[in-house]
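Okay, here's what each chain looks like letter by letter:
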Amino acid sequence: MSLPSFPNIDPPIKREDAVNQILSSIAMEELGMSHILNAEGEKLQYILGTLPGLSGPAATVKDVLNANESVKDLLETATQNQLLLKSKMECALDTTPAQGPAGPAGSTGPTGPAGPTGATGPTGSAGAAGAAGATGSTGPTGPAGATGATGPAGPTGPTGPAGRYSQGMDGPTGPTGPTGPTGPNVTATHTFASNYTGGTVLPDPLGDALLGVTVPLPNIGQSSTKIDFDKASSEFISKIDGYFQISYNLNPSTPVVGTAQIVINNKVNKASVMTPQLAANHFSGTILVPLSKGDRVSLRVISVSPVVLPANSAGASQLILRLA
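Below or above, wherever it landed, is the structure these notes cover. (Residues numbered from 1 in each chain as written. Predicted model: local features only at pLDDT ≥ 70, side-chain atom pairs only at ≥ 80, totals over all residues. Heavy atoms only, no water.)

To continue, consider the overall build of the protein chain. Each helix and strand in the protein chain was counted, giving two helices and 13 strands. Relative to the compact-globule value of 20 Å for 324 residues, the protein chain shows a C-alpha radius of gyration of 42 Å, a clear excess of over 25%. Referenced to the eigenvectors of the C-alpha coordinate spread, the extents of the protein chain come out at roughly 140 × 100 × 45 Å. Each of the 324 residues in the protein chain was classed as buried or not, and the buried ones make up 25%. Within the protein chain, contacts between residues separated by at least 24 positions form 77% of all contacts whose residues are at least 6 apart in sequence. Entry remark: accessible area of the protein chain is about 23,500 Å², with carbon and sulfur atoms responsible for 58%. Both charge centroids of the protein chain, one from 17 positive and one from 21 negative side chains, sit 11 Å from each other. (Helix = DSSP H or I, 4+ residues; strand = E, 2+ residues; numbered from the N terminus. Rg over C-alpha atoms; globule rule 2.2 N^0.38 Å. Buried < 20%, exposed > 50% of the residue type's maximum accessible area, 1.4 Å probe, protein only. Contact = heavy atoms within 4.5 Å. Areas by Shrake-Rupley, 256 points an atom, 1.4 Å probe, with all protein chains shown as cover. Lys, Arg positive; Asp, Glu negative; His and termini not counted. Charge placed at Lys NZ, Arg CZ, Asp CG, Glu CD.)

The structure is reproduced here in structure tokens:
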């Protein structure tokens, strides 16, 4: 049995060409995946009777459930394929061309002009002292000097016996001072929104940068004028700078496999990400972050299946509270 062999490629391709071909194959796989997802969408439209130009018998509940299970399986496979393609692309981009051998050393250049004269060095140490001269004759006695300073105080004598003590009567209570001014109430700046009307959040596993789908929060509770809430996009908008506490709860009707997270200015806050190992029907988290004026905050969810929020119950909620 012969061993497999690679065909001869003429002319030989370089490493950069190989990397470009790998990236091109990844792009073609992405294009093929988009066609498959589009076909799944048209299949759902046909079953639901909303595909333009085609009509057929009305779908039964069993048909819709079977189609939903088929789409769910495909989306799970597509998500795993995306992770594989992402890993393949990162490995290709991290590959760098090999460095060639160093070239020969160039010839030595001409000697440059002499530099300026340096600063004068420090003075050397003094030489040894000469021999002492002969002692002169004694001069006349000088006048008496001034009186010296007083000497230190002597030790303290022993303490005398303690005297008798009797407690006197308390004096009258003084008048109450004026009440100070009321301090600022920082935590009065807060906004709360929730969803107790119910609804379904459709998944978007291949969404932009895996930010997820925004969870609708149509029911606005308490609101501050310094934190706006955009009902159209379900986003909180800070109107002042400060340090804030952001907390959220997500309680779908049925357990789902997915991730809940806080997105600030279209960037995922990693400290807020909650991804249970198994299917769950409760997601929650709390973070402390600085916000600037104009920052936009939203609650997002990533799931391979629809997230159903219960009606007449706290299916989702989010609170932003300014701390400083």
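The structure having been displayed, the exposition proceeds.
In this model, S234 sits at a positive phi of 55°, which is unusual for a non-glycine residue. Looking at the element boundaries, S234 is found in the loop between strand 5 (227-230) and strand 6 (235-238). Judged by its relative accessible area of 6%, S234 is buried. A positive phi angle, near 60°, is found at N266, a position not held by glycine. Checked against the element boundaries, N266 lands in the loop between strand 8 (258-264) and strand 9 (267-268). Judged by its relative accessible area of 53%, N266 is exposed.

This part covers the side chain of S303. For S303, the position within the fold is in strand 11 (residues 296-303). For S303, a relative accessible area of 4% gives the class buried. A polar contact is formed between the side chain of S303 and the backbone oxygen of S305, at a distance of 2.8 Å. (Polar contact = N/O pair within 3.5 Å; in protein donor to acceptor, adjacent residues only side chain to side chain.)

So, on to the pairing of strand 13 (residues 316-322). Taken residue by residue, a regular strand's side chains alternate between the two faces of the sheet. Taken across its seven residues, strand 13 has six buried, putting it largely inside the fold. Bridge count for strand 1 (residues 190-195) against strand 13 is six bridges, and the pairing is antiparallel. Residue pairing for strand 13: N195 is matched across the bridge by A316. Alignment of strand 7 (residues 242-250) against strand 13, held across seven bridges, turns out to be antiparallel. Bridge pairing in strand 13 links S247 to L319. (Pairing = 2+ DSSP bridges.)

Below, the discussion takes up helix 1 (residues 15-48). With 34 residues, helix 1 should cover 50 Å at 1.5 Å per step; its first-to-last C-alpha distance of 50 Å lies within 8% of that length. Within the span of helix 1, buried status applies to V19, I26, M33, E40 and I47. Tucked inside the fold, the buried residues of helix 1 contact helix 2 (61-94). Directly after helix 1, the chain includes G49, whose backbone phi takes a positive value near 80°. (Expected span 1.5 Å × (residues − 1).)

So, on to the sheet that holds strand 10 (residues 283-291). Within the open sheet, the five strands sit side by side as 4-1-13-7-10. Their pairing is antiparallel. The open sheet terminates on both sides in strands that have one partner only, identified here as strand 4 (219-220) and strand 10.

What follows concerns the pairing of strand 1. Summarising burial for strand 1: five of the six residues are buried, a large majority. With two bridges connecting them, strand 1 and strand 4 associate as antiparallel partners. Residue pairing for strand 4: A193 is matched across the bridge by I220.

Mapped onto the elements, L217 comes out in the loop between strand 3 (213-214) and strand 4. Once the C-alpha coordinates of L217 and E30 are considered, the two residues, 187 residues apart in sequence, prove to be 34 Å apart.

Our focus in this paragraph is the environment of P306. Relative to the helices and strands, P306 resides in the loop between strand 11 and strand 12 (307-309). Classification of P306 as partly exposed rests on a relative accessible area of 29%. Separated by 293 residues in sequence, P306 and I13 place their C-alpha atoms 47 Å apart. Contacts of P306, omitting those with residues within four sequence positions, involve T200, V201, L202, P203 and V256.

Within this structure, the stated rule accounts for six salt bridges. For the salt bridge of E40 with K43, the shortest nitrogen-to-oxygen distance reads 3.2 Å. With E40 and K43 both in helix 1 and three residues apart, the pair spans about one turn of that helix. On the basis of relative accessible area, K43 is assigned to the partly exposed category, the value being 30%. Ionic pairing is found between K239 and D228, a salt bridge with its closest N-O pair at 3.9 Å. Taken together, the residues span a long stretch of sequence, with K239 in the loop between strand 6 and strand 7 and D228 in strand 5 at a distance of 11 residues. Judged by its relative accessible area of 40%, K239 is partly exposed. Each of D230, E235 and R296 takes part in one network of salt bridges that share partners. (Salt bridge = Lys/Arg side-chain N within 4 Å of Asp/Glu carboxyl O.)

If you check helix 2, its first and last C-alpha atoms are 49 Å apart, about what 34 residues at 1.5 Å a residue would give, namely 50 Å. Those residues of helix 2 not exposed but buried are A67, V71, L74, L75, A78, N81, Q82, L85 and A92. Against helix 1 lie the buried residues of helix 2.

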